[in-house]
Amino acid sequence: MQQINPQLRIIRDEVLGCTKCSLYKSRTYPVIGQGNHQADIVLVAEAPGANENRSGRPFYGQAGKVLDELLESVNLKREDIYITNILKCRPPGNRNPKLEEIQACTPFLLRQLKIIQPRIVGCLGSFASHFIMEQYSLSDCCAGMNQIHGKSFEVKRPDCTVRIVPLYHPAVASYNPNMIEILKNDFLSLME
Ligand code: SF4
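Summary of the structure given here. These figures come from a predicted structure and were not determined experimentally.

## Considering helix 3 (residues 62-73)
Okay, step 1: Its twelve residues give helix 3 an end-to-end C-alpha distance of 17 Å, which sits within 8% of 16 Å, the value for a rise of 1.5 Å per residue.
Okay, step 2: Among all positions in helix 3, only Ala63, Gly64, Val66, Leu67, Leu70 and Leu71 are buried. Along helix 3, the residues classed as buried sweep out an arc of 160° about the axis, all on the same side. Turned more than 90 degrees off the buried face of helix 3, the exposed positions are Lys65 and Glu72.

Okay, here's the thing in structure tokens:
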């Protein structure tokens, strides 16, 4: 049975009551995070979409089916990993996050990462990839997704070593089925 981390529960309760940016007004449910509180792998995406906003769960719609297929291709299940977002509430119309929203919300994500201490952070999509790379002092390595997807960047910290792996967002395979093989190859990089 998986252990529940009380510090993550505190974050959950804070997010459920959060009004730090205007996105709380239009959310149905925030998407806080889901999965294993002791995960070696954390996947970070940009923000909830419409299905996730309705359910409160990450990757609940078509992109979620693609994500499940990708995880299965490397013998992982959702309960083996932890999935979360940079923004916990949905930007209306899936617009890009605004700077003030990022500044208000990302302390939750950074606390989640500090508590879970994953060995690997998989970044889903360019927005999440660039944000996480900047947080881990990899700004010099930031480039277009066609150049960095599937690459593994090792970051040595005093208390741990983390690998950052930028990945295309699974939704791209919903629009372009040819992308699924590229995504599967990139997910193999997570497991190396
Ligand atoms: Fe709070 Fe983040 Fe939701 Fe904004 S997006 S209301 S900061 S939880």
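## Looking at the pairing of strand 6 (residues 161-167)
Okay, step 1: By the criterion of burial, strand 6 is predominantly enclosed, with six of the seven residues buried.
Okay, step 2: Bridge analysis of strand 4 (residues 120-124) against strand 6 gives five bridges, and the strand direction is parallel. Bridge assignment links Leu124 to a residue of strand 6, and that residue is Leu167.
Okay, step 3: A loop of four residues connects strand 5 (residues 153-156) with strand 6, the two strands running antiparallel in sequence.

## Considering the layout of surface pockets
Okay, step 1: Considering only enclosed or pocket space, the largest pocket measures out at about 590 Å³ in volume.
Okay, step 2: Lining the largest pocket are 25 residues, and of these Ala47, Gly49, Asn94, His169 and Ala171 sit closest to its centre.
Okay, step 3: Mapped onto the lining of the largest pocket, the elements with two or more residues apiece are helix 2 (50-55), helix 3, helix 5 (126-135) and helix 7 (172-175).
Okay, step 4: The leading source of residues in the lining of the largest pocket is helix 2, at three residues.
Okay, step 5: Looking at the lining of the largest pocket, its residues break down into eleven nonpolar, eleven polar and three charged.
Okay, step 6: A volume near 210 Å³ is recorded for the second largest pocket.
Okay, step 7: Lining of the second largest pocket is provided by Leu110, Leu113, Lys114, Gln117, Pro118, Gln135, Tyr136, Arg157, Asp159, Cys160 and Val162.
Okay, step 8: Tallied by class, the residues present in the lining of the second largest pocket amount to six nonpolar, two polar and three charged.

## So, the nonpolar core
Okay, step 1: Among the nonpolar cores identified, the biggest contains 60 residues, and Leu43, Val44, Val121, Ile132, Tyr136, Ile164 and Phe187 are the most heavily contacted of them.
Okay, step 2: The element best represented in this core is helix 4 (residues 99-116), accounting for seven residues.
Okay, step 3: If near-sequence neighbours (up to four positions away) are discounted, Ile132 is found in contact with Val44, Leu109, Leu113, Val121, Cys123 and Ile164.

## Focus: the packing of helix 1 (residues 6-16) against helix 4
Okay, step 1: Where helix 1 contacts helix 4, the two axes come as close as 10 Å, and the packing angle between them is 170°. With respect to each other, helix 1 and helix 4 are oriented roughly antiparallel. Handedness of the helix 1/helix 4 crossing: left-handed. Each of Gln7, Leu8, Ile10, Ile11, Glu14 and Val15 in helix 1 lies in contact with helix 4, whose residues at this interface are Phe108, Arg111, Gln112, Ile115 and Ile116.
Okay, step 2: The residue makeup of the contact of helix 1 with helix 4, split by class, is seven nonpolar, two polar and two charged.

What counts and how
- Residues numbered from 1 in each chain as written.
- Predicted model: local features only at pLDDT ≥ 70, side-chain atom pairs only at ≥ 80, totals over all residues.
- Heavy atoms only, no water.
- Helix = DSSP H or I, 4+ residues; strand = E, 2+ residues; numbered from the N terminus.
- Expected span 1.5 Å × (residues − 1).
- Buried < 20%, exposed > 50% of the residue type's maximum accessible area, 1.4 Å probe, protein only.
- Arc of directions from axis to C-beta.
- Pairing = 2+ DSSP bridges.
- 1 Å grid on protein atoms, 1.4 Å probe; cavity = no way out; pocket = protein on both sides within 12 Å on 5 of 7 lines; lining within 4 Å.
- Points joined across faces, edges and corners; volume = space filled by probe spheres on them.
- Nonpolar A, V, L, I, M, F, W, Y, C, P; charged D, E, K, R; others polar.
- Core = buried A, V, L, I, M, F, W, Y, C linked by side-chain atoms within 4.5 Å.
- Contact = heavy atoms within 4.5 Å.
- Axes fitted to C-alpha atoms, helices over the stretch in contact; angles between N-to-C directions.
- Parallel < 35°, antiparallel > 145°, perpendicular 65-115°, else oblique.
- Left-handed = near helix turned anticlockwise from the far one by under 90°.

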